Every structure is written in C-alpha cells, then in structure tokens.
Amino acid sequence: MRDHHSPHREHGDGRDGFEKRPGRERGGRGPRVFAPGDLKLLLLALIAEQPCHGYDLIRQIEGMFDGAYSPSPGVIYPTLTFLEESEMIQGDAEGGKKRYTVTDAGRLSLSEQAIALDGVRMRIDVSKRSLRGHDRPAEIHEAVHNLRHALQLHHGRWSPEEILRVAALLNNAAKAIVDGPAVPTASEKAE
C-alpha cells in the first residue's frame, strides 16, 4: 500500500530531498501538453479560422499532434464553456450540437495575443516530437524534476542576492544546453 504522505517513496529514499520518479513527468501521467492558458488561446484561434463543433476541435488538435495526442472532451468542453462565458466565442445549438463562432471580443483578444499564439504553436511542435518518443531521456526528466523540487524548497524566501545567483545558474545552464557539447579543436584532438 502506498503512503499518501510520501507519494514517490517507493522510487527512492528521498534522504537528499530529491525523489526518484518514473521516467514520465507529473507522477507518471505523461508530459504536460499545454501550458496554462494555451488551450484557451488555441481553441479561440481555431474557432476564428473556422466555426466548428467541439468534436471538430478535438480532431483538429489531434491532427496537429499527428495523432500522438487527442484532448479529452472533459478538457475541451469546459474550456469552450469558459470562452463562451467570457464572451470570446458564442455557441449556436443547431441540430442538438453547439457550433462555436468567434466574437468581436475574441478577435480582439487574438490580435492582442498574436505573439503568445505563436508560442503555443511552437510548444505544440515540441510536444508533438516529445509524444512521438523524441523526448528527453529519463535521466533528464529526473534532473528537471530535481530542479523544480530544489526551487520549491525556497518557499518564497528569496533574497535579492539569491534571486541573482539562482537566475545566473539557470541562465548559464540553459545557454550551455543550447550551445551543445564542447567540440575539441584539432590541436586538442592531437594531444
């Protein structure tokens, strides 16, 4: 039986403050596909391109991921309800199914969030590769989890010096990852 106060205890002893987890993020449920707010913006953009039903939106998103991911109705329909209540879209029930169209407020919101929408589409491309198995190895997932855990240990106690120190560490790590492995020069190879 699992100890509810220590959800990942069976994967590691946790003595160092870091827990061992399965290779998938978020407790084994797989990687998060959308960042907060991404799905709302994407649905709004898709509806602005062409009025459609919720089921059509599910199929369009599934197509964006080459079939590797399909959002559930339990995610799509509450988001559509939110957009409708926010007056970004309107639903017209014809034949028992709601067909959604974008409102003027929705169009304005899209124009104001054009850069954010580009980011959503970029994250979809990254997620698509991830879901097809071109993702980070389990060791990298573990390291990312450990980093998040280390940041959460601060519990909001960030001094100005600590903010600068941690930001520099994270920015340097990101730069080193982007730059890739150091390639030895010809003279270093000869030695």
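Just so it is clear, the model here is predicted, and its values are computed rather than measured.

Parameters at a glance
Residues numbered from 1 in each chain as written. Predicted model: local features only at pLDDT ≥ 70, side-chain atom pairs only at ≥ 80, totals over all residues. Heavy atoms only, no water. Helix = DSSP H or I, 4+ residues; strand = E, 2+ residues; numbered from the N terminus. Buried < 20%, exposed > 50% of the residue type's maximum accessible area, 1.4 Å probe, protein only. Contact = heavy atoms within 4.5 Å. Areas by Shrake-Rupley, 256 points an atom, 1.4 Å probe, with all protein chains shown as cover. Pairing = 2+ DSSP bridges. Arc of directions from axis to C-beta.

Visitor: So what about the overall build of the protein chain? Which residues, and what values?
Guide: Broken down by element type, the protein chain carries 9 helices and 3 strands. Secondary structure elements in the protein chain, listed N-terminal to C-terminal, are α-α-β-α-α-β-β-α-α-α-α-α. A burial count over the protein chain gives 28% of its 191 residues as buried. Long-range contacts, defined as pairs at least 24 residues apart, comprise 52% of the intrachain contacts of the protein chain with a sequence gap of at least 6. Roughly 12900 Å² of accessible area belongs to the protein chain as shown, and the carbon and sulfur atoms make up 56% of that amount.

Visitor: Now, about the pairing of strand E3 (residues 97–102): what can you tell me, with residues and values included?
Guide: Where strand E1 (residues 52–53) lies against E3, 2 bridges are found, and the strand directions are antiparallel. Its bridge partner lying in E3, His 53 is registered against Arg 99. With 6 bridges connecting them, strand E2 (residues 89–94) and E3 associate as antiparallel partners. Looking at E3, one finds that Ile 89 is bridged to Val 102. Remark: 2 residues form the turn of the hairpin made by E2 and E3, two consecutive strands paired antiparallel; Gly 95 in that turn has positive phi of roughly 65°.

Visitor: If you had to explain unusual backbone geometry to someone new, which residues and values would you point to?
Guide: Positive phi outside glycine occurs at Asp 66, with the angle close to 50°. One non-glycine residue, Glu 87, adopts positive backbone phi at about 65°. On the basis of relative accessibility, which here comes to 58%, the residue Glu 87 falls in the exposed class.

Visitor: An account of helix H3 (residues 54–64) is requested, with residue identities and associated values reported.
Guide: Every buried residue belonging to H3 is among Gly 54, Leu 57, Ile 58, Ile 61 and Met 64, and all of these are buried. Angularly, the buried residues of H3 cover 120° about the axis, an arc narrow enough to put them on a single face. Immediately downstream of H3, the backbone of Asp 66 shows phi near 50°, a positive value.

Shape descriptors only; they carry no functional weight alone.
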